[in-house]
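# Analysis of the macromolecular model
Spelled out from the first residue to the last, the chains are:
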Amino acid sequence: VWDFGRVRALTASMEARASALGETATAARGEVLLRVRESYFRVLLAQMQVRVLRANLEARQLTLRQIGALAQSNLRSTLDVSFAELNVAEAELALNRAESDVRAGEVDLSAAMGYAESKQFVLSDPGDPAGPLAASADELVTGALGQRAELAALRQQARAANSFAESEKRQSLPTLSATGVAGVFGFKDANLRQRYGALGMNLNIPIFNGGQFTSRRAEAELRAQAAGQDLREMEVRVSRDCLL
C-alpha cells in the first residue's frame, strides 16, 4: 500500500539504467562511424599523394632522359646524370611508400566497415563541410557537452545511482501492506452467509537488522558519488579535447 516512495525510486533507477544502455549503444555507433570516417580520409589522402608522387616521378624521369641526351652530346656531365638518377630513385621510393600507405589504409577502412577481407576503394573528395563552423571554442565545448553520447550515458548512470541510493535510504522506513479475500460459497445454506470477505493490514517497522540497511545505504551513496565524479572527469576530458 505504501512504502514511502522506495519502489518509485527503484523504478526511476532502473529506467535511468535502461536509458544509459541506450546512450552507450549510441556512443558505440558513433565510435564506429568515427573510425570509418578517419579511415576514409586517411585512404583519400594517401590516394591523392600517390597521384602527386606518380606525376613527380614522371617529371623526374623526363628530366633524367633530357640530361642523359645532353650528356651523350657532351653538354652535361655524368655527375648531372647521377644526380638525376638519384632524384628518380627518391621519387620511386616515395611512391612505393605512398602506395603501401594506401594498402594499409584500405585494410583499416575495410575492417571499420565490417568486411572480413581487404577491399580496394575508389574514393571521392566530399568537399567542405555543408554546415557552418563554430565561431569560437566555447561553442564547440557547449555543443560537445550537450551532444556527446558517452556523456549522456554517464549522466543517466549518475541519475540511476542517485535514485538507487534514495531507494536504499528509504528501505529503513516502515512499509504498510494489505491483504484481502472475498468469495462466494458454492452451496446455499440458510444458516450461513453465502458471500464472505476479509481485509487485513500489516505495518512493518524495521528496527534491528544488524546495520544491514545502513551499510547498503552508505554503499549506494558512495557509488552515486563515484558516478558523479566519473561524469565530471569525462566533461573535463571532452572540454580539453575541444580546446586542443
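Higher on the page you've got the structure.
Let me sum up the structure you'll find in this document. (Residues numbered from 1 in each chain as written. Predicted model: local features only at pLDDT ≥ 70, side-chain atom pairs only at ≥ 80, totals over all residues. Heavy atoms only, no water.)

### Side note on helix α2 (residues 78–112)
Its 35 residues place the ends of α2 51 Å apart at the C-alpha level, agreeing with the 51 Å of an ideal helix rising 1.5 Å per residue. Taken together, the buried positions of α2 are occupied by V81, A84, V88, A91, L95, A98, V102, G105, E106, L109, S110 and A112. The secondary structure elements touched by the buried residues of α2 are α1 (6–72). Once α2 ends, the next one or two residues include G114, with phi positive near 90°. (Helix = DSSP H or I, 4+ residues; strand = E, 2+ residues; numbered from the N terminus. Expected span 1.5 Å × (residues − 1). Buried < 20%, exposed > 50% of the residue type's maximum accessible area, 1.4 Å probe, protein only. Contact = heavy atoms within 4.5 Å.)

### Section: the side chain of Q171
Position of Q171 among the secondary structure elements: in the loop between α4 (149–169) and β1 (175–184). Taking the relative accessible area as the measure of exposure, Q171 reaches 13% and is therefore buried. Not counting residues up to four positions away in its chain, the partners in contact with Q171 are R6, P206, F213 and R216.

### A word on the packing of aromatic side chains
One pass over the structure, following the stated rule, counts 1 aromatic pair. Ring geometry for Y40 versus F41: centroids 5.4 Å apart, planes at 85°, classification edge-to-face. Above the plane of the ring of Y115 lies K119, whose end atom (NZ or CZ) is 5.1 Å from the centre. (Phe/Tyr/Trp six-rings, centres within 6.5 Å; stacked < 30°, edge-to-face > 60°. Lys NZ or Arg CZ within 6 Å of the ring centre and 35° of its normal.)

### Side note on helix α5 (residues 212–243)
For α5, built from 32 residues, the straight-helix expectation of 46 Å at 1.5 Å per residue is met to within 8% by its first-to-last C-alpha distance of 47 Å. Along α5, the residues that are buried comprise F213, A220, A224, A227, G228, L231, M234, V238 and S239. If you follow the buried residues of α5, they end up packed against α3 (137–147) and α4.

### Examining the nonpolar core
Grouped together as the largest cluster of nonpolar side chains are 8 residues: A46, V50, L57, V88, A91, L95, A98 and V102. Per-element accounting of this core gives the leading share, 5 residues, to α2. For V102, the contacting residues outside a window of four places in its chain are A46, Q47 and V50. Core analysis: the next-biggest nonpolar cluster, separate from the first, contains 6 residues, A144, L151, M234 and V238 among them. (Core = buried A, V, L, I, M, F, W, Y, C linked by side-chain atoms within 4.5 Å.)

### Digging into the pairing of strand β2 (residues 195–204)
Along β2, only 0 of the 10 residues are buried, which leaves the element largely exposed. As defined by bridge partners, β1 adjoins β2 across 10 bridges and the pair is classed as antiparallel. Directly across from G180, in β2, lies its bridge partner L199. (Pairing = 2+ DSSP bridges.)

### Observations concerning the layout of surface pockets
As a volume, the largest pocket reaches approximately 290 Å³. Lining the largest pocket are A27, G30, E31, L33, L34, R37, R148 and E150. Each pocket or cavity is described by its volume, and for the second largest pocket that value is around 150 Å³. Along the walls of the second largest pocket sit L140, G143, A144, Q147 and C242, which together make up its complete lining. (1 Å grid on protein atoms, 1.4 Å probe; cavity = no way out; pocket = protein on both sides within 12 Å on 5 of 7 lines; lining within 4 Å. Points joined across faces, edges and corners; volume = space filled by probe spheres on them.)

### Structural notes on the pattern of salt bridges
This model, assessed by the stated rule, comprises 10 salt bridges. Across the pair E150 and R148 runs a salt bridge, and its minimum N-O distance is 2.4 Å. Residue classification places E150 among the partly exposed positions, given a relative accessible area of 24%. Judged by its relative accessible area of 29%, R148 is partly exposed. (Salt bridge = Lys/Arg side-chain N within 4 Å of Asp/Glu carboxyl O.)

### Quick word on the packing of α1 against α2
The N-to-C vectors of α1 and α2 enclose an angle of 160°; their axes lie 8 Å apart at closest approach. In terms of axis orientation, α1 runs roughly antiparallel to α2. The chirality of how α1 crosses α2 is left-handed. (Axes fitted to C-alpha atoms, helices over the stretch in contact; angles between N-to-C directions. Parallel < 35°, antiparallel > 145°, perpendicular 65-115°, else oblique. Left-handed = near helix turned anticlockwise from the far one by under 90°.)

### Describing the environment of A104
Position of A104 relative to the elements: it lies in helix α2. On the basis of relative accessible area, A104 is assigned to the partly exposed category, the value being 40%. A C-alpha to C-alpha distance of 38 Å links A104 and L79, two positions 25 residues apart in sequence.

By themselves, these figures tell us nothing about what the structure is for.
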